[in-house]
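Single-letter residue listing:
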Amino acid sequence: MSTTTMAPLKDRSQLRQKQMIAAHFARLARTAESGEKSVYTFVPGNLTELVRNFDLLPVLPEINALQSSMRGKSKEYIALAEKLGHSEDVCSYVKCDIGMLKSGNVGPTGERLPAPDLLLLSYTGCFTFMKWFELLRQEYGAPTVMLHVPYQADGVITDAMRRYVVAQLEKKVIPALEKVSGKKFDLDKLREQLRLSAQAEDDLAWVLHSAKHRPSPIDAYFGGVYYIGPMFSAFRGTQDAVDYYRELRAEVQERLDAGLGPVTPAGTMEHEKFRVVVEGPPNWTSFNEFWRMFADEGAVVVASTYTKVGGFYDFGYRHDPEHPLESLADYCLGCYTNLDLGTRVDVLCRYLEEYDADGLLVHSVKSCNSFSAGQLVMLAEVEKRTGRPVGFLESDLVDPRYFSAANLKNRLESYFQMVAQKRAGARR
Amino acid sequence: MRYVVGIDLGSTTTKAVVLDESCRPLGRGITNSRSNYQVACDVALGEALNSARLGLVAAELDASAFPPARRSELLGELERRFREQQYRAQLGRLADALASRADGDAGLRSIVENIVERMGVEAHALFAPGASRKSDFFRDLAGSRYLALAEEHAGERGAGFDRLAGLYDKAILEVENAPGDDARFGETARAALASMSSSEDVLATAVERAARVPLERVTCVGTGYGRATLPFPREWIRSEILCHGLGAHHLFPGTRTVLDIGGQDTKAIQVDEQGLVTSFQMNDRCAAGCGRYLGYIADEMSLGLHELGPMACKSRRSVRISSTCTVFAGAEVRERLSLGEKREDILAGLHRAIVLRAMSLLARSGGVKDEFTFTGGVARNPAAVEALRRLVTENYGARTLNISPDSIYTGALGAALFAQREAGKRASAA
């Protein structure tokens, strides 16, 4: 029995996001003529406001990798990278990016990406990012600056940690950005950018919290990755982002008022049967197929940790115009990938409770040690603490060889039938 | 008589279990899976219904207070002759399929006729008391004899072995894709009776009665890898993980941990005191270390699948095999053989390797609790059982290890139990 109706047209906000991305990539494609410069950086701990403070254009290689994958290009890019000597065990984002680079550096919109004028590595827990930029530095010979963000080993941000990051921003990152842009750092402009960031963050947090309703008007994982798009990539701190999130919030409000479930690849979900929390990044090679496996079961993801890799806004963090550099430091320190296992377990238990979820599903990806390390320990701990059913899924980010539809479907069906059985048992 | 049925469409075999409405077992059937799951399902169900009717014959004899020793002798012979008749019927279909494919080549046709005729002559001995058969399936039983005879006849009238073997590969598909038929029970059983060395009127009467009992299906639940291909409504389909959990609980109510090693996947399942699954883990997309792995190894060593375990049990010094990857293990086996290692020692190492992989899934799912039930086709392999028993004791201490002789039917049994619950729900709703 299908729990969904036919797919409607794309939401207005989604079309707006598409236009924003297209405009950004068009601008990147024209840097040779416009003289604008680009900074390559990563999503977790991205310093978008700071980069844009110097009128530089951010490029996010892991977003390019996932979008290449959604366009069906990752298989050939990965094959090329492996031909060039990168092992099968290397993160598939890295290989997809290297393959794209070696195939002419054509980005997700079909336009060529510029070479980086600066590689800005904001290190927030992923060691692979460091190696990735070593490869890019070798390729492009671009200047590189690294912000070292201390790991939250005890689940708290101390003053010393904050000061350590701020000092690096002042002494390393800002001077590097000044040098590459030829412009002076503008503190007032940064305050204004952060004000816009906080405004958009309020709306994003509201959207994420909307999943607490029954039925949830959004899917906070598969749909969530679209919602975090502008915030986690090149647009935080811009009016465009503010407008996007305002529009998104209004749309979600409409769905909420109408009592509608989320829009899935199979259409609007009519009957929400299961509410789950998901830990781990999604699979991008078969994104819609994977989503559909959930939708077909009437399962909606009400909270996910992946949508926090670029910032934890739902727990109250906001960029703060009154304390600009300190709040940038707190932002970097607070990214999900920078948290210790105990805190990650706390987050998951809190989501299960606050979103009234049936259970937890962990999607473990072969590529990502940073995410996957400790996931089985977390799984066992969450089950022990909450008593809610947990399930374990395995595939990859962008390497299609690791996506086995039959295996995933089998596990998901088993999981949801187990949840249903448990529920029926509890009612007896 | 009303019945419920559970069907487990596995990657290697398809099983059906038939229960009455109070969960009493009536019959079960198994067939090798093939490209057409619907046919596999029909064949397994047909077999299960045949075995249910043979069970009715036995019940009739009980009712007539027949002497027990004579009873089991007669029933044993009836069943063997029944299987022989089924084998002969399939042989007849094989002869037709071979003949139609050899049409136009009189020489070839005469060779295959000759081969099938010889197979017919051997059929009686194949089902003699105590005769060992390498497999339960017609494809394997007939195949091994056909190929052996084809080798003898190769070269006659210009027909090479490859051509004869190719002919069989095509013809067998047609034979095994013919659906099972419960309606033929009476006819087959009468022929079986007629071929018995001695019979009794009371048995003939029991057969006639059993053949006339109307069997009415109330509900059906499907499970296993091929379940999605069944033309079943969604509510009639259950995950094999839940079915193995419930089936194991039904066989051994003290079960808390279940390990199922099937053809292409391995599952570690934890269940509560009612047989409801509380957590599970299964292998990823790679089927290394599953039943198929043993199948490939058997081919690599030119042994029958059933021969692997007993041979491994003879080992005194297990060889360490590092890979559970089917391809690499094949290479490792060849290397070990070339180094002069004994086959039984290599096989013991291979069995340990697959059980080690299962141990990792068990650990992930929450460990091995008491009691521990091992299900699936691989549970019939004594070397796998021995390796598992040893590793479980080493890692978790003493545990009661349950293995049913019918372990391969556990998933289908669980499905049948779900079908029975479904029937109960429907009855109370009506």
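Here the residue numbers are simple positions, counted from 1 along each chain's written sequence. Chain letters and ligand numbers both follow the written order, the letters beginning at A and the numbers at 1. Note on the predicted model: pLDDT of at least 70 is required for a residue's local features to be given, and 80 or more for side-chain atom pairs to be given and counted; whole-chain, interface and lining totals, by contrast, use all residues.

## Section: the overall build of chain A
Moving on, step 1. Strands here are runs of E lasting at least two residues and helices are runs of H or I lasting at least four, both read from the DSSP assignment and numbered beginning at the N terminus. A tally of regular secondary structure across chain A gives 18 helices and ten strands.
Moving on, step 2. Here the globule rule is a power law, 2.2 Å times the number of residues to the power 0.38, and the radius of gyration is based on C-alpha atoms. The C-alpha radius of gyration of chain A comes to 21 Å, within 12% of the 22 Å expected for a compact globule of 428 residues.
Moving on, step 3. Summarising its shape, the C-alpha atoms of chain A cover approximately 70 × 50 × 40 Å along the three principal directions.
Moving on, step 4. In this scheme the burial state of a residue depends on its C-beta neighbours within 10 Å: 20 or more other such atoms mean buried, 12 or fewer mean exposed, and anything in between means partly exposed; the C-beta positions come from the backbone. Buried residues in chain A amount to 53% of all 428 residues.

## Observations regarding the domain arrangement of chain A
Interfaces are frequently sized by the accessible area removed from exposure as the parts join.
Residues and elements named next belong to chain A.
Moving on, step 1. Boundaries between domains were set according to an automatic or database domain assignment. Structurally, chain A comprises domain 1 (12–185) and domain 2 (190–427).
Moving on, step 2. Between the C-alpha centres of domain 1 and domain 2 the distance comes to 23 Å.
Moving on, step 3. Listed as interface residues are 50 residues of domain 1 and, on the opposing side, 46 residues of domain 2.
Moving on, step 4. For the side of domain 1 that touches domain 2, the secondary-structure elements that each account for two or more residues are helix 1 (12–29), helix 3 (48–53), helix 4 (61–70), helix 5 (74–83), helix 6 (92–102) and helix 8 (159–181).
Moving on, step 5. At seven residues, helix 1 tops the list of elements feeding residues into the side of domain 1 that touches domain 2.
Moving on, step 6. Polar here means any residue other than Ala, Val, Leu, Ile, Met, Phe, Trp, Tyr, Cys and Pro, which are nonpolar, and Asp, Glu, Lys and Arg, which are charged; Gly is therefore polar. Among the residues making up the side of domain 1 that touches domain 2, the classes are represented as 25 nonpolar, 17 polar and eight charged. Contact between two residues is assigned whenever their backbone-derived C-beta positions fall within 7 Å.

## Some remarks on the interface of chain B and chain A
Moving on, step 1. With 15 residues of chain B at the interface, the matching set in chain A holds 19 residues.
Moving on, step 2. For the side of chain B that touches chain A, the elements supplying multiple residues, two or more each, are helix 8 (240–251) and strand 7 (277–282) of chain B.
Moving on, step 3. Tallying contributions element by element places strand 7 of chain B first for the side of chain B that touches chain A, with five residues.
Moving on, step 4. Looking at side-chain class alone, the side of chain B that touches chain A contains six nonpolar, four polar and five charged residues.

## Notes on the packing of helix 15 (residues 341–354) of chain A against helix 17 (residues 375–386) of chain A
All names here are of chain A.
Moving on, step 1. Where helix 15 contacts helix 17, the axes come no closer than 10 Å and their chain directions differ by 45°. In terms of axis orientation, helix 15 runs oblique to helix 17. The element helix 15 and its partner helix 17 pack so that their crossing is right-handed. Here helix 15 contributes Leu341, Arg344, Val345, Leu348, Cys349 and Leu352 to the contact with helix 17, which in turn contributes Val377, Met378, Glu381, Val382, Arg385 and Thr386.
Moving on, step 2. Its residues assigned to classes, the contact of helix 15 with helix 17 comprises eight nonpolar, one polar and three charged. Here the axes come from fitting lines to C-alpha atoms, over the contacting stretch only for helices, and the angles between their N-to-C directions go from 0 to 180 degrees. Working definition: roughly parallel below 35 degrees, roughly antiparallel above 145 degrees, roughly perpendicular at 65 to 115 degrees, and oblique for all remaining angles. Handedness of a crossing is defined here by the sense of rotation of the near helix relative to the far one, left-handed for an anticlockwise turn of less than a right angle and right-handed for a clockwise turn.

## A closer look at the sheet that holds strand 4 (residues 144–148) of chain A
Residue and element names in this part refer to chain A.
Moving on, step 1. Strand order in the open sheet formed by four strands is 2-1-3-4, with parallel pairing between adjacent strands. The open sheet has two edge strands with one neighbour each: strand 2 (57–59) and strand 4. When strand polarity is set aside, the average angle formed by the axes of neighbouring strands in this sheet is 25°.
Moving on, step 2. The sheet contact formed by strand 1 (residues 38–40) and strand 3 (residues 118–123) spans two bridges and is parallel. By definition, two strands form a pair when at least two bridges between them are found by DSSP.

## Some words on the pairing of strand 7 of chain B
Moving on, step 1. The buried fraction of strand 7 of chain B is high, at five of six residues.
Moving on, step 2. Connecting the antiparallel pair strand 6 (residues 266–271) of chain B and strand 7 of chain B is a turn made up of five residues, with B:Gly275 showing a positive phi of about 85°.

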